[in-house]
Amino acid sequence: MQAAIRLALAVAAVTVLAAGCGSESQPARVDLLPSASPAPQNSGPIVEVVPVPTRPPLDPTANPTTPLGELRARYLPIWSPDFDWAFPPEVCGSDWALDAIAEPISGADLNVLGDYVAVAALAVMRYEHLLSRALGEPDILGQLCIAVATVGSTRTDTLDLLATYLAAGIRIADPATYPDEVTIVAASPAAALAVACVTPGYPGVVTTEGEVVDDAQAPVALQAYLLDVSRGLEDAVTDISYRVSDVVDRPAEACDELDSWATEWQQQAQRWAAEGELWGPVGRTVTTEQLCEPSLSDGSGECPRDW
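Predicted model, so just to flag it, every value in this text is computed and none were measured. (Residues numbered from 1 in each chain as written. Predicted model: local features only at pLDDT ≥ 70, side-chain atom pairs only at ≥ 80, totals over all residues. Heavy atoms only, no water.)

The next subject is the overall build of the chain. Within the chain, the secondary structure is distributed over eight helices and nine strands. The burial tally for the chain puts 52% of its 307 residues in the buried class. When the accessible area of the chain is evaluated, it comes to approximately 13,300 Å², of which 52% is carbon and sulfur surface. (Helix = DSSP H or I, 4+ residues; strand = E, 2+ residues; numbered from the N terminus. Buried < 20%, exposed > 50% of the residue type's maximum accessible area, 1.4 Å probe, protein only. Areas by Shrake-Rupley, 256 points an atom, 1.4 Å probe, with all protein chains shown as cover.)

Here it is as structure tokens:
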């Protein structure tokens, strides 16, 4: 599944770090709340979006009628009138409480995230869950679910991949999944570097008639993730989180190869640091069990088992 969206992680990390030393005021994390103003014609709640540069919709047939719809039309390749209105995060099978559409932010204070390592691990699990769920049950609304977890080129590539699935009437054969543990290898002021083992590695593709058209499948995939600190754009309040901006994968026979994979990325982070980039080692593994402990509820805000 991930082979279709391989990206150059090292190049992206340098780009992220170049923007990582801004001087914006300290943000505060809040949930997205709809305006108290009623929506016209019972269409749904209205939210106040963050002003962003105007650009045309990706779908030339799009006809957004609200500021929220105009924002989403710039990012989502297949338009739906549902994107004109806010709808609950349960649509994506997640308790995600931040804005769906986001962009990287510089100068953010990671202390507002609580345990930023746990939050970064949760972001990886959420990405894998939302991507595999969207490709297993292709739907136009699934575009927004993918946009919840990603920014940058990964968002573009994964949305294009979902659009291909929708056009071809295919889906992946395996149910939605996420790694049970994620290791945060290193961190910078604006990003984090993580690795995980994802099972199965390359799911088969099934047509709408149930025919498996690609059953080549590695037992597992070793994944490396670059996560950008990002801010939501779907309301005017600054709220930040980690979003996946780049992914590199390698097919493997078993997850016990993850340690050597992590070592490779530790060495890469060390090279970035030697070149003057602001990367520091972390080397902490976060498990689903730990994320679901009540003591971490304030830091991560979510238990993957509830997905």
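Take the pairing of strand β3 (residues 181-187) next. In terms of burial, β3 is largely enclosed, as six of its seven residues are buried. Strand direction decides the pairing type here: β3 and strand β9 (residues 280-287), joined by six bridges, are antiparallel. If you follow I184 over to β9, its bridge partner there is R284. Pairing geometry for β3 and strand β4 (residues 191-198), over four bridges, is antiparallel. Within β4, the position partnered with T183 by the bridge is V195. Taking the residues between adjacent antiparallel strands as the criterion, β3 and β4 are bridged by three residues. (Pairing = 2+ DSSP bridges.)

A rise of 1.5 Å per residue sets the reference length of helix α3 (residues 116-136), with its 21 residues, at 30 Å; its end C-alpha atoms lie 30 Å apart and thus fit the reference within 8%. Within α3, 19 of the 21 residues are buried, which leaves it mostly tucked inside the rest of the structure. (Expected span 1.5 Å × (residues − 1).)

Moving on, we get to the state of the cysteines. Under the counting rule described, the total for this entry stands at three disulfides. Bridging C292 to C303, the disulfide has an S-S length of 2.0 Å. The sign of the 85 degrees torsion about the S-S bond sets the C292-C303 disulfide as right-handed. One end of the pair, C292, is in the loop between α7 (288-291) and α8 (297-300); the other, C303, is in the segment after α8, and 11 residues separate them in sequence. Across the pair, C303 and C292 agree in class, each one buried. (Disulfide = S-S within 2.5 Å.)

Take the packing of aromatic side chains next. Here the structure, examined in full by the defined rule, presents five aromatic pairs. Their ring planes at 80 degrees and their centres at 5.2 Å tell us that Y178 and W307 sit as a pair that is edge-to-face. With Y178 in the loop between β2 (170-172) and β3 and W307 in the segment after α8, this pair connects stretches of sequence that are 129 residues apart. Their ring planes at 40 degrees and their centres at 5.2 Å tell us that W272 and W279 sit as a pair that is tilted. One exposure class covers both W272 and W279, and it is buried. (Phe/Tyr/Trp six-rings, centres within 6.5 Å; stacked < 30°, edge-to-face > 60°.)

This part covers unusual backbone geometry. With an omega dihedral of -5 degrees, the bond running from T199 to P200 counts as a cis peptide bond. Following the sequence through the fold, P200 ends up in the loop between β4 and β5 (205-207).

Here we come to the side chain of S241. Tracing the chain through its elements places S241 in strand β8 (residues 240-252). At 2.9 Å, the side chain of S241 forms a polar contact with the side chain of R243. (Polar contact = N/O pair within 3.5 Å; in protein donor to acceptor, adjacent residues only side chain to side chain.)

Position of D180 among the secondary structure elements: in the loop between β2 and β3. On the basis of relative accessibility, which here comes to 55%, the residue D180 falls in the exposed class. A sequence separation of 106 residues divides D180 from V286, and the C-alpha atoms of the two residues are 8.6 Å apart. Filtering out sequence-adjacent residues up to four positions away, D180 remains in contact with M125, V286, T287 and T288. (Contact = heavy atoms within 4.5 Å.)

For the rest of this paragraph, the subject is the packing of helix α4 (residues 142-149) against helix α5 (residues 152-168). Where α4 contacts α5, the axes come no closer than 10 Å and their chain directions differ by 160 degrees. When the axis of α4 is compared with that of α5, the two are roughly antiparallel. For the element pair α4 and α5, the recorded crossing hand is right-handed. Between α4 and α5, the contacting residues are G142, Q143, I146 and A147 on the first element and R155, T158, L159 and L162 on the second. Of the residues that constitute the contact of α4 with α5, the class distribution is four nonpolar, three polar and one charged. (Axes fitted to C-alpha atoms, helices over the stretch in contact; angles between N-to-C directions. Parallel < 35°, antiparallel > 145°, perpendicular 65-115°, else oblique. Left-handed = near helix turned anticlockwise from the far one by under 90°. Nonpolar A, V, L, I, M, F, W, Y, C, P; charged D, E, K, R; others polar.)

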